[in-house]
Number of protein chains: 2
Amino acid sequence: MRGPGRDAAGGGTGSRGTGRESAAAPRWIAGVDIGGTNLRAGLIPFEGGVPGVVRRERTRPERGPADVVARVADMLRSAAGEVGRGEVAGIGVGCPGPLDRKAGVVLETPNLGWRNVPLRDLVAEATGLPVTVDNDANCAAYGEWWQGAGKGADRLIGLTLGTGIGGGIVIGGEIYRGASDAAGEVGHMSVDFAGRLCACGSRGCVEAYASGPGIAARAVEGLTEAGDSRLAEIALNGSGRVTARAVCEAALRGDAYSRGILTETARILAVAVANLVNLLSPDVIVVAGGVTAAGEYLFGPLGEEVRRRAFPSAVAACRIVPSEIPDTAGMIGAAGVFKRTVYGGA
Amino acid sequence: MRGPGRDAAGGGTGSRGTGRESAAAPRWIAGVDIGGTNLRAGLIPFEGGVPGVVRRERTRPERGPADVVARVADMLRSAAGEVGRGEVAGIGVGCPGPLDRKAGVVLETPNLGWRNVPLRDLVAEATGLPVTVDNDANCAAYGEWWQGAGKGADRLIGLTLGTGIGGGIVIGGEIYRGASDAAGEVGHMSVDFAGRLCACGSRGCVEAYASGPGIAARAVEGLTEAGDSRLAEIALNGSGRVTARAVCEAALRGDAYSRGILTETARILAVAVANLVNLLSPDVIVVAGGVTAAGEYLFGPLGEEVRRRAFPSAVAACRIVPSEIPDTAGMIGAAGVFKRTVYGGA
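Q: Explain the overall build of chain A here, please?
A: When you go through chain A residue by residue, the secondary structure sums to 13 helices and 13 strands. Here the C-alpha radius of gyration of chain A, 22 Å, is about what a compact globule of 346 residues would show, namely 20 Å. Buried residues in chain A amount to 55% of all 346 residues. Sequence-distant contacts, at least 24 apart, represent 62% of the contacts inside chain A between residues at least 6 apart. Accessible surface, chain A as shown: approximately 14,500 Å² in total, 51% of it carbon and sulfur. Across chain A, the 36 positively charged side chains and the 36 negatively charged ones have centroids separated by 4 Å.

Here it is as structure tokens:
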């Protein structure tokens with residue numbers, strides 16, 4: 001692209017670093033991940049790699065968007081101070097949807113309780129930097145593709161098992177968005193057409209079984225018949241409620257009932273994963289979220305059941321792996337989305 | 001693209017048609033669709049459009065690949081004779097899989113009973129023309145994108161309800177193949193994880209419910225309790241067996257039991273379609289196959305149930321339509337695949 005004439009013309013100003021292009025390139029992109037519970041903001045090297053700084057605090061969405069945005073701006077200012085000089089190119093924000101990505105507006109998020117919030121413009125005004133906004137599940141999947149467990153894969157699907165099940169599809173390095181910008185809703189794949197009612201109104205969505213609340217609900221339902229389970233005791237010593245976290249903890253401490261719940265969770269999740277394998281034959285499926293703390297109690301039966309259900313050639317071509325950046329995939333991916341949107345390429 | 005200089009240089013030889021380029025371009029591409037029951041071969045205009053000639057006969061795969069290939073060559077010779085002069089660029093063949101597309105070898109097709117057949121080379125030797133071979137379900141979906149009900153759609157999914165349920169995904173005008181070349185297996189999406197056993201070994205695949213044999217099996221299972229159904233009588237007057245065709249016929253003649261079977265079929269199919277809508281947010285889903293003869297008895301409840309289950313924005317962006325070229329989509333698509341493979345573009 002650059003001919004000798006341009007190099008010569010630019011020679012006089014390229015005194016820092018290894019040459020004009022690297023000196024002129026920004027050093028950082030800010031990534032922000034606004035979750036229902038946790039708020040993360042950090043600086044990601046422009047060329048990718050380990051975040052320079054990561055700040056975390058509670059989101060406290062009930063204080064309203066202006067409060068959250070002001071704290072995001074503070075977190076980023078403090079982060080920029082810590083890394084010292086180096087230009088920040090802009091800010092990528094990941095946020096629960098649905099949202100109007102092009103307008104940068106959060107339409108309605110049950111997880112935050114916000115409605116019609118012009119998030120992009122609010123963050124841009126508070127920081128003076130250019131901003132992109134994207135769906136958090138898409139950001140997490142893109143983060144796994146850009147810097148995580150599926151780095152550079154031709155076809156990647158990201159799943160985050162949390163309050164819901166977030167999904168994102170990255171094909172050829174691009175987030176696959178579909179005709180409506182709403183693609184990637186793996187959590188609302190029904191694997192049991194007459195099964196559990198889902199918050200979305202459908203039945204049998206994998207989210208109704210394998211999200212945190214889905215796991216907890218199934219665990220509670222069976223608990224009365226599981227007389228010798230330590231789950232109730234562990235729950236009482238923790239939050240006082242049976243949660244997916246308590247189920248994982250009990251399983252890791254040897255509780256057979258809780259291990260059974262995790263095995264069942266893995267098998268039901270595997271039906272959705274096998275459907276993805278048969279349908280899209282991805283190179284990698286990255287699974288993130290709190291439940292992955294269960295390790296082999298989750299991934300063991302998950303892999304077994306996928307092998308039992310999906311086509312061998314597609315199974316052989318697909319790795320099913322835990323996230324390598326479980327805490328920061330969304331933040332890193334949000335920064336990556338900013339970079340791709342504004343600069344093109346990864 | 002064509003400057004005046006090139007026009008001038010070509011002027012002396014461009015005596016036929018409208019100019020040199022159109023005279024030099026081949027007029028036809030042959031398409032062949034080898035089904036378990038029916039064999040179709042025809043000539044498709046190079047630029048797309050209505051097939052010039054279509055020949056049909058029984059496949060009779062039990063006579064072996066050499067016999068079928070010899071008849072394909074005869075059909076194409078006779079077709080070329082009928083359209084008169086005009087170059088045939090080559091032949092696209094669609095065939096049930098799994099197959100090694102790059103080697104042009106049919107690996108193992110339960111529907112044909114063939115194993116390790118070098119189909120591409122056999123057809124090329126018998127005809128003296130270049131040949132491509134591709135999966136029949138992919139060809140059908142591509143045919144719908146190239147010339148059918150989803151012409152030019154950015155994201156199309158094709159479903160063919162037959163002995164099995166074939167699926168194909170076309171994104172940006174390209175067949176989506178995935179990491180293993182096995183993507184698009186919509187028929188083996190499980191929508192009932194503990195449900196009906198499928199021939200693939202999994203449970204609850206939509207194919208086990210909404211394929212021809214799946215519909216017939218469900219109809220027979222409920223028949224003893226449906227005392228006043230005319231289905232048994234209609235079946236006896238037809239093939240003597242309860243088939244999906246008999247169910248459609250009985251439904252169209254007013255049989256309430258058979259209409260109920262079709263409604264249930266549509267609702268279960270809708271679960272898979274809603275999953276596709278949520279996951280891929282396609283612009284169009286084209287449904288083909290014998291059962292679509294049931295018309296609104298199928299498409300009515302199908303659309304209703306998809307709207308009930310999938311996200312409104314993704315539903316709004318997606319048309320769910322019957323095939324416009326139900327008999328020839330596979331053959332036309334096979335020709336289209338040849339064109340794209342050899343010439344690039346559609």
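Q: I would appreciate a short explanation of the interface of chain A and chain B in the present structure.
A: Accessible area lost on assembly of the parts is the figure often given for the size of an interface. Contact residues are listed per partner, giving 38 residues for chain A and 38 residues for chain B. At the boundary of chain A with chain B, total buried surface from both sides reaches about 3,300 Å², with 61% on carbon and sulfur atoms. When the buried surface of chain A facing chain B is broken down by residue, Phe-193, Leu-279 and Arg-309 of chain A rank first, second and third, together holding 23% of it. One can count zero salt bridges joining chain A with chain B. For the interface between chain A and chain B, the tally reads 26 residue pairs in polar contact (both at pLDDT 80 or more). Counting residues per element, the ones that place at least two in the side of chain A that touches chain B are strand 10 (165-171), helix 10 (256-280) and helix 12 (312-316) of chain A. Of all the elements, helix 10 of chain A adds the most residues to the side of chain A that touches chain B, at seven residues.

Q: Looking at this model, I keep getting lost on the packing of aromatic side chains. Mind explaining?
A: Given two aromatic rings, one states the distance between the centres and the angle between the planes to describe the pair. Residue and element names in this part refer to chain A. Counted according to the given criterion, the structure contains six aromatic pairs over all chains. Summarising the aromatic geometry, the rings of Tyr-142 and Trp-145 are spaced 5.4 Å apart at their centres and angled 35° between planes, so their arrangement reads as tilted. With a gap of three residues between them, Tyr-142 and Trp-145 both fall in helix 5 (residues 136-147), about one helical turn apart. Each member of the pair, Tyr-142 together with Trp-145, is buried.

Q: Is there a simple way to explain the relation of the copies chain A and chain B in this structure?
A: In this structure, two copies of a chain are linked by a rotation about an axis accompanied by a shift along it. Least-squares fitting of chain A to chain B yields an RMSD of 0.0 Å, with the transformation described by 0.0 Å of translation along the axis and a rotation of 180°. Each copy turns onto its partner about a two-fold axis. An overlap of 100% is found between the interface residues of chain A and their copies at the interface of chain B, pointing to a shared contact surface.

Q: How should I be thinking about the sheet that holds strand 2 (residues 38-45) of chain A in this particular structure?
A: Two strands in a sheet stick together by hydrogen bonds in their backbones, pointing the same way (parallel) or opposite ways (antiparallel). Residues and elements named next belong to chain A. Sheet architecture is open: five strands sit in the order 3-2-1-4-8, paired in mixed fashion. The open sheet has two free edges, formed respectively by strand 3 (53-58) and strand 8 (131-135), since each of these has just one partner strand. For this sheet, the mean angle separating the axes of adjacent strands, direction not counted, is 15°. Relative to strand 3, strand 2 is paired through six bridges, and the arrangement is antiparallel. Considered in strand 3, the bridge of Leu-39 is made with Glu-57. Strands strand 1 (28-34), strand 2, strand 3, strand 4 (88-95) and strand 8 of the sheet are contacted by helix 13 (residues 329-343), whose axis makes an angle of about 130° with strand 1.

Q: What is the right way to look at the packing of helix 3 (residues 65-83) of chain B against helix 4 (residues 119-127) of chain B in this model?
A: Two measures define how a pair of helices packs: the angle their axes make with one another and the distance between the axes. Residues and elements named next belong to chain B. Two numbers describe how helix 3 lies on helix 4: the axes approach to 9 Å, and their chain directions differ by 45°. Judged by the angle between their axes, helix 3 and helix 4 are oblique. Viewed along their axes, helix 3 and helix 4 form a crossing whose handedness is right-handed. Residues Pro-65, Val-69, Ala-73 and Arg-77 of helix 3 form the contact with helix 4, whose own contacting residues are Leu-119, Leu-122, Val-123, Ala-126 and Thr-127. Here the contact of helix 3 with helix 4 is composed, by residue class, of seven nonpolar, one polar and one charged.

Q: Just checking my understanding: could you explain unusual backbone geometry for this structure?
A: Residues and elements named next belong to chain A. Residue Gly-97 is joined to Pro-98 through a cis peptide bond whose omega torsion reads 0°. Relative to the helices and strands, Pro-98 resides in the loop between strand 4 and strand 5 (99-100). Located in the positive-phi region is Ser-281, a residue other than glycine, with phi close to 40°. Examined against the element boundaries, Ser-281 turns out to sit in the loop between helix 10 and strand 12 (284-289). Judged by its relative accessible area of 0%, Ser-281 falls in the buried class.

Q: What am I meant to see in the pattern of salt bridges here?
A: Any two side chains of opposite charge can pair if their charged atoms end up close together. By the definition in use, this model includes 42 salt bridges over all chains. Residue Glu-305 of chain A is joined to Arg-308 of chain A by a salt bridge in which the shortest nitrogen-to-oxygen separation is 2.7 Å. Of the two residues, Glu-305 of chain A and Arg-308 of chain A are both situated in helix 11 (residues 296-309); the distance of three residues between them amounts to about one turn of the helix. Glu-305 of chain A gets classed as buried once you look at its relative accessible area, which sits at 8%. The partner of Asp-181 of chain B in a salt bridge is Arg-101 of chain B, and the shortest N-O contact between them spans 2.7 Å. Taken together, the residues span a long stretch of sequence, with Asp-181 of chain B in the loop between strand 11 (174-175) and helix 6 (207-210) and Arg-101 of chain B in the loop between strand 5 (99-100) and strand 6 (105-109) at a distance of 80 residues. Classification of Asp-181 of chain B as partly exposed rests on a relative accessible area of 28%. Within the structure, one salt-bridge network assembled from shared partners comprises Asp-33, Arg-40, Arg-56 and Asp-327 of chain A.

Q: Is there a simple way to explain helix 3 (residues 65-83) of chain A in this structure?
A: Because an α-helix completes one turn every 3.6 residues, residues spaced three or four positions apart along the sequence face the same direction. Residue and element names in this part refer to chain A. In this model, helix 3 (19 residues) spans 27 Å end to end at C-alpha, consistent with the 27 Å of a helix rising 1.5 Å per residue. Among the residues of helix 3, Val-68, Val-69, Arg-71, Val-72, Ala-73, Met-75, Leu-76 and Ala-79 are the ones counted as buried. Contact partners of the buried residues in helix 3: strand 1, strand 2, strand 3, strand 4, strand 7 (114-117) and helix 4 (119-127).

The rules behind each value
- Residues numbered from 1 in each chain as written.
- Chains lettered and ligands numbered in written order.
- Predicted model: local features only at pLDDT ≥ 70, side-chain atom pairs only at ≥ 80, totals over all residues.
- Heavy atoms only, no water.
- Helix = DSSP H or I, 4+ residues; strand = E, 2+ residues; numbered from the N terminus.
- Rg over C-alpha atoms; globule rule 2.2 N^0.38 Å.
- Buried < 20%, exposed > 50% of the residue type's maximum accessible area, 1.4 Å probe, protein only.
- Contact = heavy atoms within 4.5 Å.
- Areas by Shrake-Rupley, 256 points an atom, 1.4 Å probe, with all protein chains shown as cover.
- Lys, Arg positive; Asp, Glu negative; His and termini not counted.
- Charge placed at Lys NZ, Arg CZ, Asp CG, Glu CD.
- Buried area = accessible area lost by both parts, 1.4 Å probe.
- Salt bridge = Lys/Arg side-chain N within 4 Å of Asp/Glu carboxyl O.
- Polar contact = N/O pair within 3.5 Å; in protein donor to acceptor, adjacent residues only side chain to side chain.
- Phe/Tyr/Trp six-rings, centres within 6.5 Å; stacked < 30°, edge-to-face > 60°.
- Least-squares fit on C-alpha atoms with pLDDT ≥ 70 in both.
- Pairing = 2+ DSSP bridges.
- Axes fitted to C-alpha atoms, helices over the stretch in contact; angles between N-to-C directions.
- Parallel < 35°, antiparallel > 145°, perpendicular 65-115°, else oblique.
- Left-handed = near helix turned anticlockwise from the far one by under 90°.
- Nonpolar A, V, L, I, M, F, W, Y, C, P; charged D, E, K, R; others polar.
- Expected span 1.5 Å × (residues − 1).

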